[in-house]
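Structure assessment
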Amino acid sequence: MIRTLDDSATLTLMTAATTDIAPGAGSALPIRTVSATRYVTALREGGSLPGLVEADDDGLYVVKFHGAGQGPRVLVAELIAGELGRALGLPVPEIVLVELDPALAPAEPNSEIQDLLERSPGLNLGLDFLPGALAFRPMTELDPALAADIVWFDGLITNVDRTVRNVNLLMWGKRLWLIDHGAALYIHFTWRDPAAHARRPFARIADHVLLPYASSIAAADARLAPRVSRELLERIVAAVPDAWLAGGAGSMEDPERHRRAYVDYLLTRLESPRPFVEDADRARHP
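Let me begin by describing the structure that accompanies this report. Quick caveat, the model's predicted, so the values are computed rather than measured. (Residues numbered from 1 in each chain as written. Predicted model: local features only at pLDDT ≥ 70, side-chain atom pairs only at ≥ 80, totals over all residues. Heavy atoms only, no water.)

**Comments concerning the side chain of Asp 221**
Within the fold, Asp 221 resides in helix H6 (residues 217–224). A polar atom in the side chain of Asp 221 sits 2.8 Å from the side chain of Trp 152. Excluding residues that lie within four positions of it along the chain, Asp 221 makes contacts with Trp 152, Pro 226, Arg 274 and Val 277. (Helix = DSSP H or I, 4+ residues; strand = E, 2+ residues; numbered from the N terminus. Polar contact = N/O pair within 3.5 Å; in protein donor to acceptor, adjacent residues only side chain to side chain. Contact = heavy atoms within 4.5 Å.)

**Topic: the pattern of salt bridges**
Per the counting criterion, the structure on display carries 16 salt bridges. With a shortest N-O distance of 2.6 Å, Lys 64 and Asp 180 are connected by a salt bridge. Residue Lys 64 is found in strand S3 (residues 60–64), and its partner Asp 180 is found in the loop between strand S8 (175–178) and helix H5 (194–198); the two are separated by 116 residues along the sequence. Ionic pairing is found between Arg 259 and Asp 242, a salt bridge with its closest N-O pair at 2.5 Å. (Salt bridge = Lys/Arg side-chain N within 4 Å of Asp/Glu carboxyl O.)

**Points about the packing of aromatic side chains**
By convention here, two paired aromatic rings are described through the distance between centres and the angle between planes. Summed over all chains, the structure comprises six aromatic pairs. Note on Trp 191 and Tyr 262: the rings are 5.1 Å apart at their centroids and 80° apart in plane angle, and the pair reads as edge-to-face. Within this pair, whereas Trp 191 is found in the loop between S8 and H5, its partner Tyr 262 is found in helix H9 (residues 255–269), the two being separated by 71 residues in sequence. Given the relative accessible area of 8%, Trp 191 is considered buried. On the accessibility criterion, Tyr 262 (2% relative accessible area) is buried. A ring pair is formed by Trp 191 and Tyr 265, whose centres lie 6.4 Å apart and whose planes are at 80°; its orientation type is edge-to-face. Linking Trp 191 in the loop between S8 and H5 with Tyr 265 in helix H9, this pair joins segments that are 74 residues apart in sequence. Residue Trp 191 shares its accessibility class with Tyr 265, and that shared class is buried. Ring-pair connections join several aromatic residues into one group, and the members of that group are Trp 191, Tyr 262 and Tyr 265. Residue placement shows Arg 175 over the ring face of Trp 177; its charged tip is 5.0 Å from the ring centre. (Phe/Tyr/Trp six-rings, centres within 6.5 Å; stacked < 30°, edge-to-face > 60°. Buried < 20%, exposed > 50% of the residue type's maximum accessible area, 1.4 Å probe, protein only. Lys NZ or Arg CZ within 6 Å of the ring centre and 35° of its normal.)

**Some points on the packing of helix H2 (residues 73–87) against H9**
Remark: H2 packs on H9, axes separated minimally by 13 Å, with the N-to-C direction vectors making an angle of 50°. Taken together, the axes of H2 and H9 are oblique relative to one another. H9 is crossed by H2, and the crossing has right-handed handedness. Touching Arg 73, Val 76 and Ile 80 of H2 are His 258, Tyr 262 and Leu 266, all from H9. Partitioning the contact of H2 with H9 into residue classes produces four nonpolar, one polar and one charged. (Axes fitted to C-alpha atoms, helices over the stretch in contact; angles between N-to-C directions. Parallel < 35°, antiparallel > 145°, perpendicular 65-115°, else oblique. Left-handed = near helix turned anticlockwise from the far one by under 90°. Nonpolar A, V, L, I, M, F, W, Y, C, P; charged D, E, K, R; others polar.)

Below, the structure written as C-alpha cells:
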C-alpha cells in the first residue's frame, strides 16, 4: 500500500503558518535547483504520483516526477504556467528543480514508489510545500479582482482543471494559493495547428470555480496582458530542462524549436481580440 498524507499526517507536519507570504512567492526566475535527500511520503492527489520530498536545503517540496505515467509534459506545463503566474504576481508557491539520485529508491519500502524513483533520475519539478494548507471551499470570501485575474490567467494557459470538482486552490497563511497546472497548455501533446488552436474560444472557462467570485475579466485583461512579453516568455521557457522536451510530437524533437512553439502559442493567444476574455465575461453573465 502506498503511504499517503492524510489529515493527521498533515497536522503532524504542520508548522505555525503565521506569515502571509510563502518563501519565494511573487517573483519569477531564476529557478533554484535542489537535491532530494529523502522521499517522505506519497500524496493522495493527482494521477502522476506526486510525493513529498525533503531536499538538501532542508526544505519540503511536493514533487512531480518525469518518470510518472503522465510523462514530462506535465512538468513542462507546471513550470511554464507556474512561473508565468508568479511573474504576473499571482500567488503560486516557489517552483524548484529537484535533482534525484535513483540511489534513494531502495530506501522506499513500496515497490511502486521504488519503480517511480528509479525511472526519474536527474531533474524533476518541486513546488514549495505549504504545511497545514486546506483546499479552497466555495463560499470562502475572496477579492473579486484576484478571482478575475486567476480566471484570465487560466484562460490564457488553457487550464481545464480549476473546477468545482478539482479546484487546485489552497488556503494557507490567510491567502489563496494556486497549485497544479499540469493540465494546462494541452496543445503540447500534439502541436496540431497551434496557431489556429490559440485563437479558438475556450468554452471550458465557464466551469471555472472562481468565475462566480470574479469581477470584470476585461478589466483583468487590461491589468495583465501588457505584462506578458516575448522576453518574459523566452526567459521562462529557457528554464525548462532539455530532457523534458525530448521526443516531442511532430517536428518538435529539437528542444529549442519546442521552446519557441510555447512562446509563439502564448503570444498568439494574446493577440487582440482575445476570445478567452470574451468567453469568460460572457459566462459571468449568462
